[in-house]
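# Summary of structural features
One letter stands for each residue in the lines below.
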Amino acid sequence: AQRATAQELLSHPFVLKHRDVPVDVAGFLQALADPLEGLQSYAQLFAAMYYCVLDRRSEGMPTLEHLYQEDSRVSLSGECCEGWTRIAIGLEQHSARLTNAGAGLHHHHRIEKVDAQPLPQGAILVHIVGRVNLMNQIQDQMHKVDSTVYNECFVLQQMSSSEPVEYYISNQVKHLQTPCSPASR
């Protein structure tokens, strides 16, 4: 048996039957990809960027401003604030409490796990578990002094339907567990 040529295949009844049916190739390819995988990657990138900036404290704080809106709400270990101005104050006070109000300590968030879930209207729920390491600088070297486990949730809301999609933090809740004892580290 001889193989059909391309021209013969294009005139086959099966192909002709579907000739006028619109085909959504982009939709098909999108359906093949796991949408949660992209969401997870976005959440991990967001978490890494957020904590990198937050750990720089006062010099990083202005960078965080564009992530919040006036209706953004944040709860930091039970203390709630709304709107960027109050959130910035709350984040500064939270950092100061972590480092004993500037006793020469610095903090560094170490991310251990990031989970993401889609929410209605294109929002994303991001849950992060990690450790806040308190560091002391001695002769240009950072030394770990203490470590505290934290859980933090963010709701990232779409700013508009334009491309590329931009998000802001509409809600955020952070909870610190009691510091670990040296024996449990």
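The coordinates are above.
What this report covers is the structure whose coordinates are included nearby. (Residues numbered from 1 in each chain as written. Predicted model: local features only at pLDDT ≥ 70, side-chain atom pairs only at ≥ 80, totals over all residues. Heavy atoms only, no water.)

## A few points about a nonpolar patch on the surface
- A contiguous nonpolar surface patch, about 300 Å² in accessible area, is contributed by Leu-10, Phe-14 and Val-15.
- Looking at the secondary structure, you find Phe-14 in helix 2 (residues 13–17).
- Note on Phe-14: relative accessible area 53%, which makes it exposed. (Patch = residues over 30% accessible without salt bridge, like charges linked within 9 Å, V, L, I, M, F, W, Y side chains within 5 Å. Areas by Shrake-Rupley, 256 points an atom, 1.4 Å probe, with all protein chains shown as cover. Salt bridge = Lys/Arg side-chain N within 4 Å of Asp/Glu carboxyl O. Helix = DSSP H or I, 4+ residues; strand = E, 2+ residues; numbered from the N terminus. Buried < 20%, exposed > 50% of the residue type's maximum accessible area, 1.4 Å probe, protein only.)

## With respect to the packing of aromatic side chains
- Across all of its chains, the model carries 7 aromatic pairs by this definition.
- Here the aromatic residues Phe-46, Tyr-50, Tyr-51, Tyr-150 and Phe-154 are joined through ring pairs into a cluster of three or more. (Phe/Tyr/Trp six-rings, centres within 6.5 Å; stacked < 30°, edge-to-face > 60°.)

## Some details on the side chain of Arg-131
- Mapped onto the secondary structure, Arg-131 falls in strand 4 (residues 124–138).
- Judged by its relative accessible area of 18%, Arg-131 falls in the buried class.
- Separated by 3.5 Å, the side chains of Arg-131 and Glu-112 make a polar contact. (Polar contact = N/O pair within 3.5 Å; in protein donor to acceptor, adjacent residues only side chain to side chain.)

## Let's talk about the nonpolar core
- With 33 residues, the main nonpolar core has Tyr-50, Leu-64, Tyr-68, Leu-91 and Phe-154 as its most contacted residues.
- Elements with a minimum of two residues in this core: helix 4 (35–54), helix 5 (61–64), strand 1 (68–76), helix 6 (84–98), strand 3 (105–118), strand 4, strand 5 (141–158) and strand 6 (167–176).
- The biggest single contributor to this core is helix 4, with 8 residues.
- With sequence-adjacent residues up to four places away left out, Tyr-68 is seen in contact with Tyr-50, Val-74, Trp-84, Ile-87, Leu-91, Ile-169 and Gln-172. (Core = buried A, V, L, I, M, F, W, Y, C linked by side-chain atoms within 4.5 Å. Contact = heavy atoms within 4.5 Å.)

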